[in-house]
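So you can see what is in the structure, the chains are spelled out below.
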Amino acid sequence: MPSSKSPIVKVSLTGAVLAAVAAGSFGVYSAGGFTAPGSTAVTAAASAEPTQSVQKSPSGSLSPEPTPEPTSPAQKMERTAQKAFGKEGAQATSEIQAPFSTSADAADMLVQHFKGGVVMYTPKYGPVAVKSGVYEHWWKQRGYSNFAGWEGLPVSWRSEKGVLYTKFEKAELYWDKANGLPRNTNVLGAKDALVIGDSQVTATSWVGLGLKQAGFVPYMFRCGGIGFVTARDGVCPSYYQGVMGGRWALPSGNPGVIYLDASGNDIYIHEDETKAREHVNAHQTQVIEQLRRMYPSSKIVFGGVVSISEAAATDKQVAHKRHVANEVARQGARETGVLFMDTADWQTIYLAEGDMADGVHLKDEAQYKLAAPFKARLRELLDLPKSAA
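Residues numbered from 1 in each chain as written. Predicted model: local features only at pLDDT ≥ 70, side-chain atom pairs only at ≥ 80, totals over all residues. Heavy atoms only, no water.

Engineer: Explain helix α8 (residues 316–336) residue by residue, including any values.
Structural biologist: End to end, α8 covers 30 Å across 21 residues, agreeing with the expected 30 Å (1.5 Å per residue, within 8%). Turning to α8, its buried residues are Ala319, Lys321, Arg322, His323, Val324, Ala325, Asn326, Val328, Ala329, Gly332, Ala333 and Thr336. Buried positions along α8 lie against α7 (273–294), β16 (299–303) and β17 (339–341). Looking at where α8 begins, the residue whose side-chain oxygen comes 3.2 Å from the main-chain nitrogen of Gln317 is Asp315. Within two residues after α8, Gly337 carries a phi angle of roughly 80°, on the positive side. (Helix = DSSP H or I, 4+ residues; strand = E, 2+ residues; numbered from the N terminus. Expected span 1.5 Å × (residues − 1). Buried < 20%, exposed > 50% of the residue type's maximum accessible area, 1.4 Å probe, protein only. Contact = heavy atoms within 4.5 Å. Polar contact = N/O pair within 3.5 Å; in protein donor to acceptor, adjacent residues only side chain to side chain.)

Written as structure tokens, this is what we have:
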């Protein structure tokens, strides 16, 4: 499981690092921030905090000169913090840091923490304010290769009705204070489906095709080899980490359906089948209840674990495990009161010999064979007309 500690690399203000930074494009750090390359420590200290001078007005009275515009990255970051977080929130709680020096796209990013949030600076976009929880989500998600490029660098920020919104290159995020989670401003509606799943869930799999045939536009958070409990370190978070731990910034609005795909991967987390069932059930319940809080008007369909019948299976153990996982999902749906789509034995009922790529997955050309019953059963559960008009 990824560490909860931010990968901070502190930028030293003294010694050899000062000399090295001075040669760069940003200049050197001073006690109050950056100064231009070639400046001395004295001039750096002098420029740490802008001062106001006085001059005579036409009437002869003294009036202060306007505060000069910030020029160094440090000054710009401080000014942004003041605008975004207010006087109290703009009190720095860390020095300026370069946490992503080995990153391909964020090596030159500077970060500073304040009481009210975080300011991220890049030469391309300048200083951008972000809530602390959103920043934590951003850097943690980048630790998973399958999700690292989902949002991109911070571009700008805005404040509306007391909520701070941060625009990244590929998404706009905010902190959902009520749920204590990062959210995406993308608003889902009645024709949309929020989908969370494993390798059975892709845009062209029987789940993706079935959702489209049922009249929904799927928005997927999925990855092969994961489940409610099972994660792939450095590749994908588990459903629990994604939803409860904020690794995913889920969209806003209320989708017409939330399709939550049970995973056969989870049943292998313990050799003791009873312990595995209990562990998975606990995580299922928490994720479902969290989704309910986030999307109070959406219907949740909990999909079972698709399988071959145990009698027809070549690998009896795999078939048995998948049937057990399906029953754990059924139990979770019953206990939380969500809709359940039982997909046990579907690979025997609807497929022909040669349709399977392996003991678990369908061949690409056979996906449509399960898409049709999926569509029909989904519309039935949602009490929609049989036609997808």
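Engineer: Outline the state of the cysteines, supporting the account with residue identities and numerical values.
Structural biologist: Under the defined criterion, the tally for this structure stands at one disulfide. The disulfide that involves Cys223 links it to Cys236, with 1.7 Å between the sulfurs. Of note, the bridge from Cys223 to Cys236 carries an S-S torsion of about 60° and is right-handed in sense. In this pair, Cys223 sits in the loop between β13 (217–222) and α6 (239–243) while Cys236 sits in the loop between β13 and α6, placing the two residues 13 residues apart along the sequence. When its relative accessible area of 0% is taken as the criterion, Cys223 is described as buried. Residue Cys236 is classed as buried on the basis of its relative accessible area, which comes to 0%. (Disulfide = S-S within 2.5 Å.)

Engineer: Run through the packing of aromatic side chains, naming residues and quoting values.
Structural biologist: Scanning the model with the defined rule gives 15 aromatic pairs in all. Ring geometry for Tyr135 versus Trp138: centroids 6.4 Å apart, planes at 20°, classification stacked. A residue pair is termed a helical-turn pair when its members lie 3 or 4 positions apart in one helix, as Tyr135 and Trp138 do in helix α4 (residues 132–141) at three residues. As far as burial versus exposure is concerned, Tyr135 and Trp138 are alike and both buried. Judged by centre distance (6.3 Å) and plane angle (20°), the ring pair of Trp138 and Phe168 falls under stacked. Here Trp138 is found in helix α4, whereas its partner Phe168 is found in strand β9 (residues 163–168), with 30 residues between them in sequence. When sorted by exposure, Trp138 lands in the same class as Phe168, which is buried. (Phe/Tyr/Trp six-rings, centres within 6.5 Å; stacked < 30°, edge-to-face > 60°.)

Engineer: Tell me about the pairing of strand β10 (residues 172–176), and name the residues and values.
Structural biologist: Counting buried residues along β10, four of its five residues qualify, which places the element largely inside the surrounding structure. In this structure, the hairpin formed by β9 and β10 is closed by a connection of three residues. Pairing analysis gives four bridges linking β10 to strand β11 (residues 181–188), with the strands arranged antiparallel. Looking at β11, one finds that Trp175 is bridged to Pro182. (Pairing = 2+ DSSP bridges.)

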